[in-house]
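Geometric and topological summary
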Amino acid sequence: MKRFLGVDGGGSSTVALVADETGRVIREGRGGPSNVSDLGVFEKNLCEAVGDVDSEFESACFGFSGGIEGKGLIAREIVRAKHYSVVHDAAIALTGATGGAPGVVVIAGTGSIAFGKSGEGRTARAGGWGYAFGDEGSAYDIVRQALRAALRLEEGWGRATALHSALIESGGAASANDLLHRFYSAAFPRARIAALAILVDELARSGDAVAIDILNGAAQALAALASAVRAQLFRADESAMISYSGGAFSSSQLLERFKMLVELDTANLFTTPKFLPVEGALIEAFRAAGLDIIPRTDVSG
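Everything quoted here is computed from the prediction, not taken from an experiment. Numbers given to residues run from 1 along each chain, matching the order in which its sequence is written. Reporting of local features is limited, given that this is a predicted model, to residues whose pLDDT is at least 70; pairs of side-chain atoms are given and counted only at 80 or more, and all residues count toward the totals for whole chains, interfaces and linings. Excluded from the side-chain calculations are hydrogens and water; all other atoms, namely the structure's heavy atoms, are used.

On to the side chain of Ser 251. Where helices and strands are cited, they refer to DSSP runs of H or I of at least four residues and of E of at least two residues respectively, numbered from the N terminus. In this structure, Ser 251 sits in the loop between β9 (240-245) and α10 (252-262). In this description, contact between two residues means that some pair of their heavy atoms is separated by no more than 4.5 Å. Discounting chain neighbours no more than four positions away, the residues touching Ser 251 are Asp 201 and Leu 215.

In plain words, nonpolar cores are sets of buried Ala, Val, Leu, Ile, Met, Phe, Trp, Tyr and Cys residues tied together by side-chain atoms within 4.5 Å. Burial classification: accessible surface area is computed with a 1.4 Å probe over protein chains only, and a residue below 20% of its type maximum counts as buried, one above 50% as exposed, and the rest as partly exposed. Among the nonpolar cores identified, the biggest contains 56 residues, and Phe 249 and Phe 258 are the most heavily contacted of them. No other element matches the 12 residues that helix α9 (residues 209-233) contributes to this core. Each residue touching Phe 249, except ones within four places of it in the same chain, is listed here: Val 106, Ala 108, Leu 222, Tyr 244, Leu 254, Leu 255 and Phe 258. One finds Val 7, Phe 57, Ala 60 and Ile 78 within the second-largest nonpolar core, a separate group that totals 18 residues.

A separate point is the sheet that holds strand β6 (residues 103-108). Read from one edge of the open sheet, five strands run β8-β7-β6-β9-β10, paired in mixed fashion. Each edge of the open sheet is held by one strand with a lone partner, namely β8 (123-127) and β10 (268-270). Recorded for the sheet is a direction-independent mean angle of 20° between the axes of neighbouring strands. Simply put, an axis is a line fit to the C-alpha atoms, just over the touching stretch for a helix, and the angle between two N-to-C directions goes from 0 to 180 degrees. Where helix α3 (residues 89-98) meets the sheet, it contacts β6, β7 (112-117) and β9, and its direction lies at approximately 120° from that of β6. Sitting on the sheet, α10 touches β6, β9 and β10, and the angle it makes with β10 is about 155°. Here, any two strands with at least 2 DSSP bridges between them count as paired.

Position of Ser 59 relative to the elements: it lies in strand β4 (residues 56-64). Once the C-alpha coordinates of Ser 59 and Ala 289 are considered, the two residues, 230 residues apart in sequence, prove to be 6.1 Å apart. Residues in contact with Ser 59, not counting those within four places in the same chain, are Arg 3, Phe 4, Leu 5, Ala 81, His 83, Ala 285, Ala 288 and Ala 289. Nitrogen and oxygen atoms within 3.5 Å of one another constitute a polar contact, given that in protein one can donate a hydrogen and the other can accept it, and given that sequence-neighbouring residues count only through two side-chain atoms. A distance of 2.6 Å separates the side chain of Ser 59 from the backbone oxygen of Ala 285, its partner in a polar contact.

Now for α3. One turn of an α-helix holds 3.6 residues; hence residues three or four places apart share an orientation. Within α3, 10 of the 10 residues are buried, which leaves the element mostly enclosed by the surrounding structure. Inspection of α3 places Asp 89, Ala 90, Ala 91, Ile 92, Ala 93, Leu 94, Thr 95, Gly 96, Ala 97 and Thr 98 among the buried residues, and these make up the whole buried set. Immediately beyond the C-terminal end of α3, within one or two residues, lies Gly 99, with a positive phi of roughly 70°.

Structure, rendered in structure tokens:
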């Protein structure tokens, strides 16, 4: 039986799917994040996700966030395959979201980026500059904006918001200032900070005006990324499929606002993702072997 491997290596976790030649997924694995600077940790997390690294795959596609050059070399050393494809995780997210069709995908997980491909095969991106200089609209950025709001309130120059007490409690801190210093420590890696975005969504749904504004601002930033990529690849009067991926979009407030902003351009075709990014990686693994197969994710082993 020929086996195919698709890997989605992001900032929060590394996910792998193995499928047979019919497209049936036979295994799913998960490991720690791939977007780490320590290549030893990266190798460990990748091995954990792939699982069986002793067998040979017909084809393998790896989609990694962050720099992919060194990671691609390590992936080829770990996994034996006849065909390889190593791409940025935005590329597999686009393949998954559109089912391989031209369009634009906006990713908002721990970080954020927009990526697109035209019908002629041209590609473009916007954002993806990392947590220090970018990642607008990401889960990490949502929490960063929430902590800023809490700090302003604590110092007497911010609007009233329940984010202050919610963040302090969740972080086990004595104050917003204390939480700030905890966020700078190794005890709070970016993925752990980003996970607190759920608090912002919960408070937005309960009517907290500051939380609502933060999510609306995130949606605005993500829609701007989509628009920037669209303008690089499609004519103004040309229809373009726009989709999304990532945990930040689990917020209905953010997603609905993002959808509304995208659809202000009537040439945009907003669509929910057809497949997960890791399924997009599997589609690309099939393509690397010259096959046009859609995975069936009825995992049986």
